[in-house]
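Results of the structural survey
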Amino acid sequence: MTETATTAVQTLLAQTDSDIASYLEACVHCGECAEACHFYQATKDPKYTPTYKLQPLVKAYKRHKAPLRGVLSLLGLSPPEVTEDELREWEPLVYDSCTMCGRCTLVCPMGIDIAGTIRKMREGYAAAGIVPDGLTAARANVERTSSPMGVTAKALLAQIKHQEEDTGLKIPVDQKGVDYLAIFSSHEIMASPEIIGAYAKIFKKAGLTWTVSTEAYEATNVGVQIGSGPLAKQLVQRVVDEAERLGVKYVIAPECGHAYGAIRWAGPNLIGRPFKFEVIHIIELLDRLRREGKIPAGKKDGRKMTLHDPCQLVRRGGVAKEPRHLLSDSASNFVEMKGAGIANLCCGGGGGVSANSRAEDLMIAAFGEKLKQIDEIGGIETIVIPCANCRGVFEDGLDAYEKEDYEVISLGQLVADTMQDD
Ligand code: SF4
Ligand code: SF4
């Protein structure tokens, strides 16, 4: 075995805890999960069957950890050692063809968490340095600036200044003693900075005290996407330290699905203790403020709209009803797409896939399945998407399929635009 393969296999085995072992033992090879996966749906290629993506882990487990492995070995029925060539052959399956969307688990009769198992597999790959170039580059940017796109605090401040000029509102920076700390994804800061102005408008109306931080502005967690626990922990710790230094009561997770899961669900486990503040998703917060009467709805937007449910926010995060409450107040012609809610199809670019240029053709093919659902409704003008990463994937996908007529918008922006004026 090469040193690389040894590192990968040892890490895979260390990651195979009782949950993962029970998944590997429980699979009845029924194949139900295949049709649930957008990569299989789009290509019909059997290699995109969810369980096939796990094969190096399955082999390592059966050889080194499974019950009765000694007997099986004596009978010559133990699988051979996983080789470096095999690991490298599977690498595109582990990183390009799984967005960790969790849709396959919904249909699995044994409730096997493929997304969580792929996440553990990526730990082995990351430890051995077998990672796609796009994610390696994102990691280098994070180590330099905390942002996967290399967005610096100086760039953030420049975007804030523009938003202050556009809205005429002061955007608080590095303020101690306020209630809320807002963090953003790099994609929002650079591609749709209006969302920072939208927060300023909404929070002023609601009378909230809040701040942006020049130490912890980035919500994206590349560690979770690559599969590096230590990096994921470091990125969560950065936000936790700053939130606790500022003394806030809440950290607002932005419209970015995986960033929400990383800090809200994985965060306390990563740093090994509960937070001294609450994490709230911006859509949960807007819904709460709306119900409390602090941001009354004004004139509804009349365009024909549908909602894309980001997997990490809705299926894996549980924020399903809040976007719909907000939409019913903000849009007069809102139509659900087929399979909306927790069973919704992934956009094709989550879990680090959109940051991995090698996966682009596959991502666009998977996006084609999503597009069919939207086309099927007919007459849609606007797709509301409460995730900046999904919005980026939609923009690329709509471009690739020459569907320029569909407009993609943020839900937070829609709420700000349709809020009752003073
Ligand atoms: S988690 Fe999603 S992308 Fe990954 S195998 Fe399952 S359905 Fe496919
Ligand atoms: S649906 Fe579940 S039990 Fe069936 S093959 Fe897929 S992972 Fe295994």
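The following refers to the structure shown. (Residues numbered from 1 in each chain as written. Chains lettered and ligands numbered in written order. Predicted model: local features only at pLDDT ≥ 70, side-chain atom pairs only at ≥ 80, totals over all residues. Heavy atoms only, no water.)

1. Structural notes on the pairing of strand β3 (residues 250-253)
- Residues Tyr250 and Ile252 line one face of β3 and the alternating positions Val251 and Ala253 line the opposite face, and both faces are buried.
- Direction of pairing for strand β1 (residues 180-182) relative to β3: parallel, over a ladder of three bridges. By the bridge assignment, Ala182 is partnered in β3 with Ile252.
- Relative to strand β4 (residues 278-281), β3 runs parallel, the two being bridged by four bridges. Bridged to Val251 within β4 is Val279. (Buried < 20%, exposed > 50% of the residue type's maximum accessible area, 1.4 Å probe, protein only. Helix = DSSP H or I, 4+ residues; strand = E, 2+ residues; numbered from the N terminus. Pairing = 2+ DSSP bridges.)

2. With respect to empty space enclosed by the protein
- All told, the structure shown has two cavities of 30 Å³ or more when counted by the stated rule.
- Empty space within the largest cavity amounts to approximately 110 Å³.
- Contributing to the lining of the largest cavity are 13 residues, with Glu218, Ala219, Thr220, Leu235 and Val239 lying nearest its centre.
- When contributions to the lining of the largest cavity are tallied by element, the ones reaching two or more residues are α15 (229-246) and α16 (257-271).
- Examining the composition of the lining of the largest cavity, we find that four residues originate from one element, α15, more than from any other.
- Per-class residue counts for the lining of the largest cavity are eight nonpolar, three polar and two charged.
- Quantified by volume, the second largest cavity comes out at close to 90 Å³. (1 Å grid on protein atoms, 1.4 Å probe; cavity = no way out; pocket = protein on both sides within 12 Å on 5 of 7 lines; lining within 4 Å. Points joined across faces, edges and corners; volume = space filled by probe spheres on them. Nonpolar A, V, L, I, M, F, W, Y, C, P; charged D, E, K, R; others polar.)

3. Some details on the site of ligand 2
- Every residue lining ligand 2 is accounted for by Cys27, Val28, His29, Cys30, Gly31, Glu32, Cys33, Thr51, Cys108, Pro109, Met110 and Ile112.
- For the shell around ligand 2, the per-class residue count stands at eight nonpolar, three polar and one charged. (Near = heavy atom within 4 Å.)

4. Details of the pattern of salt bridges
- All told, the structure shown has 28 salt bridges when counted by the stated rule.
- With a shortest N-O distance of 3.4 Å, Glu81 and Arg63 are connected by a salt bridge. Within this pair, whereas Glu81 is found in the loop between α6 (69-74) and α7 (84-95), its partner Arg63 is found in helix α5 (residues 55-64), the two being separated by 18 residues in sequence.
- The shortest N-O distance in the salt bridge between Arg264 and Glu284 comes to 2.7 Å. Here Arg264 is found in helix α16, whereas its partner Glu284 is found in helix α17 (residues 282-291), with 20 residues between them in sequence.
- Of the residues examined, Glu284 reaches a relative accessible area of 16% and is grouped as buried.
- Through salt bridges that share partners, Glu91, Asp96 and Arg358 make up one connected network. (Salt bridge = Lys/Arg side-chain N within 4 Å of Asp/Glu carboxyl O.)

5. Points about the site of ligand 1
- In the neighbourhood of ligand 1, 13 residues make up the surrounding shell, with Cys37, Cys98, Cys101, Gly102 and Cys104 lying closest.
- Judged by the fraction of its atoms near the pocket grid, ligand 1 is located in the second largest cavity.
- Of all the elements in the fold, those that place two or more residues in the shell around ligand 1 are α4 (38-43) and α9 (114-127).
- Residue composition of the shell around ligand 1, by class: nine nonpolar, three polar and one charged. (Sits in = over half its atoms within 2 Å of the grid points.)

6. What to know about helix α11 (residues 153-167)
- Taking 1.5 Å of rise per residue, 15 residues should cover 21 Å, and α11 covers 21 Å from first to last C-alpha, within 8% of that figure.
- All buried positions along α11 are accounted for by Leu156, Gln159, Ile160, Gln163 and Glu164. Each buried residue of α11 sits inside an arc of 145° when the element is viewed along its axis, so together they form one side. Summarising the geometry of α11, the exposed residues directed more than 90 degrees from the buried face are Lys154, Lys161 and Glu165.
- The inward-facing, buried residues of α11 contact α12 (186-191), α13 (194-206) and β2 (210-212).
- Backbone geometry just after α11 places Gly168 at a positive phi near 70°. (Expected span 1.5 Å × (residues − 1). Arc of directions from axis to C-beta. Contact = heavy atoms within 4.5 Å.)

7. Quick look at the nonpolar core
- Counting 66 residues, the largest nonpolar core has Tyr199, Phe203, Trp210, Ile252 and Leu285 as its most contacted members.
- Of all hydrophobic cores here, the second largest spans 50 residues; its members include Ala34, Ala60, Ile226 and Ala366. (Core = buried A, V, L, I, M, F, W, Y, C linked by side-chain atoms within 4.5 Å.)

Just distances and angles here, no functional claims.
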